[in-house]
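For reference, the chains in residue letters:
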Amino acid sequence: MKRLWVLCILILLLTGCSQNNREKAIDYLTQNQRNDASLIVFTDRPSERPFIVELQTQLNEVNNENLRAEGPITNVTFYNFRDENKFNYEKIFGLKSYPYMILFEKGQITLETQEPKEIVQHFKER
């Protein structure tokens, strides 16, 4: 009986410490967040220049036109999910194609998109 309890406790510990813990993944991704906003870009290969230019253009529009009242988006992080294995981001966030962007504000997901232009639309609609 004692072994059964020990086994149950070990299973609970392992479950709580798994790579698929969404809250821990979000905390990890937003740990360097400034101005309460972070844009995380998940990729499966190095990002191509046209995508980076389009993303920068859209972020400049959000920041330069003060579309985000709480301040600019200054933290943009690229994660190649093949290189980053601290968490299973594909499973946690349901990633199926790349690049995939998630905007975090105050530790919460406020936008998920594959198109940089949707970032500007998101803030214009608010």
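Here, the structure is the one placed above.
Cut-offs applied
- For every chain, the first residue of the written sequence is number 1, and numbering continues from 1 onward in sequence order.
- Given that the model is predicted, a residue must reach a pLDDT of at least 70 before its local features are reported, and side-chain atom pairs must reach 80 or more before they are shown or counted; all residues, however, enter totals for whole chains, interfaces and linings.
- The basis for every side-chain value is the complete set of non-hydrogen atoms in the structure, without hydrogens or water.
- Classification of ring pairs rests on two measures: the distance between centres of Phe, Tyr or Trp rings, Trp counted by its six-membered ring, which must be within 6.5 Å, and the angle between planes, read as stacked under 30 degrees, edge-to-face over 60 and tilted in between.
- Only DSSP runs of H or I covering at least 4 residues are called helices, and only runs of E covering at least 2 are called strands; the numbering of each starts at the N terminus.
- Type-normalised accessible area, obtained with a 1.4 Å probe on protein chains alone, sets the label of each residue: buried when under 20%, exposed when over 50%, and partly exposed for intermediate values.
- Interaxial angles span 0 to 180 degrees and are taken between N-to-C directions of axes, which are lines fitted to C-alpha atoms, for helices over the stretch in contact.
- Roughly parallel here means an angle under 35 degrees, roughly antiparallel means over 145, roughly perpendicular means 65 to 115, and every remaining angle is called oblique.
- For a crossing to be left-handed, the near helix must be turned anticlockwise from the far one by less than a right angle; the clockwise case is right-handed.
- In what follows, residue pairs with any heavy atoms lying within 4.5 Å of each other are defined as contacts.
- Three residue categories are used. Nonpolar comprises Ala, Val, Leu, Ile, Met, Phe, Trp, Tyr, Cys and Pro, charged comprises Asp, Glu, Lys and Arg, and polar comprises the others, including Gly.

J.: Break down the packing of aromatic side chains for me, with residues and values.
T.: Taken as a whole and assessed by the stated rule, the structure comprises eight aromatic pairs. Relative to Tyr89, the ring of Phe42 lies with its centre 5.1 Å away and its plane at 45°, an arrangement referred to as tilted. Within this pair, whereas Phe42 is found in strand E1 (residues 37-43), its partner Tyr89 is found in helix H4 (residues 89-93), the two being separated by 47 residues in sequence. Accessibility expressed as a relative area gives 0% for Phe42, which makes it buried. With centroids separated by 5.9 Å and ring planes inclined at 45°, the aromatic side chains of Tyr79 and Tyr89 adopt a geometry described as tilted. Taken as a pair, Tyr79 in strand E2 (residues 75-80) and Tyr89 in helix H4 lie far apart in primary sequence, 10 residues in all. Across the pair, exposure class does not vary: Tyr79 and Tyr89 are buried alike.

J.: How would you explain the packing of helix H3 (residues 49-64) against helix H5 (residues 117-124) if you had to name every residue and give the values?
T.: Between H3 and H5, the shortest axis-to-axis distance is 8 Å and the interhelical angle comes to 15°. Between H3 and H5, the interaxial angle falls into the category roughly parallel. The handedness of the crossing between H3 and H5 is right-handed. Taken together, the residues of H5 that come into contact with H3 (itself represented by Glu54, Leu55, Gln58, Leu59, Glu61 and Val62) are Lys117, Ile119, Val120, Phe123 and Lys124. In terms of residue class, the contact of H3 with H5 is made up of six nonpolar, one polar and four charged.

In short, shape yes, function no, at least from these values alone.
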